[in-house]
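Residue strings, one per chain:
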Amino acid sequence: MKLRKKVYVGAGSYTISLGTGRKEFDPRKPRPGLEHYIQQAGRGVLAQIPDPGMVDECVISNFMAARFNRQGNLAALMPTIDPALEYKPSTRVEGACGSGGLAVMTG
């Protein structure tokens, strides 16, 4: 199937995953909240493109955020990354171990 328009993947970013087994993890010490990590990853992406206004849509993936973070609507946090993302279509995808690949395919 040939697409009518060219599609480009502009950038990606990763934040450290904290949990048991990592030396940085200490359950007795406070950690930043979920919003911090989403903003960190999102700003890492936007730092790689010339203008945040060029973003057409946002896709975020996760594994069981509603259970582990008590927040299932992660797409609603996209405007906290940059004001240029306000009113842009955003969606959250989840596919267990394939969540990252699902996000790329969705984008």
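A brief report on the enclosed structure follows. In this text, all values refer to a predicted model and were calculated from it rather than measured experimentally.

**A look at the nonpolar core**
Thinking step 1. In this structure, Ile38, Leu46, Ile49, Val55, Cys58, Ile60, Ala65, Leu74, Leu77, Met78, Ile81 and Leu85 together form the largest nonpolar core, which totals 12 residues.
Thinking step 2. Those elements that provide at least two residues to this core are helix 1 (34–46) and strand 1 (58–61).
Thinking step 3. For Met78, the contacting residues outside a window of four places in its chain are Ile38, Cys58, Ile60, Leu85 and Ser90.

**What to know about the pattern of salt bridges**
Thinking step 1. Inspection of the entire model under this criterion finds 2 salt bridges.
Thinking step 2. A salt bridge links Arg28 to Asp26; the shortest N-O distance between them is 2.9 Å.
Thinking step 3. For Glu94, the salt bridge identified is with Arg92, shortest N-O distance 2.8 Å.
Thinking step 4. A relative accessible area of 36% means that Glu94 is categorised as partly exposed.
Thinking step 5. Its relative accessible area of 31% is what places Arg92 among the partly exposed residues.

Criteria and thresholds
- Residues numbered from 1 in each chain as written.
- Predicted model: local features only at pLDDT ≥ 70, side-chain atom pairs only at ≥ 80, totals over all residues.
- Heavy atoms only, no water.
- Core = buried A, V, L, I, M, F, W, Y, C linked by side-chain atoms within 4.5 Å.
- Buried < 20%, exposed > 50% of the residue type's maximum accessible area, 1.4 Å probe, protein only.
- Helix = DSSP H or I, 4+ residues; strand = E, 2+ residues; numbered from the N terminus.
- Contact = heavy atoms within 4.5 Å.
- Salt bridge = Lys/Arg side-chain N within 4 Å of Asp/Glu carboxyl O.

What is shown is where atoms sit, not what they do.
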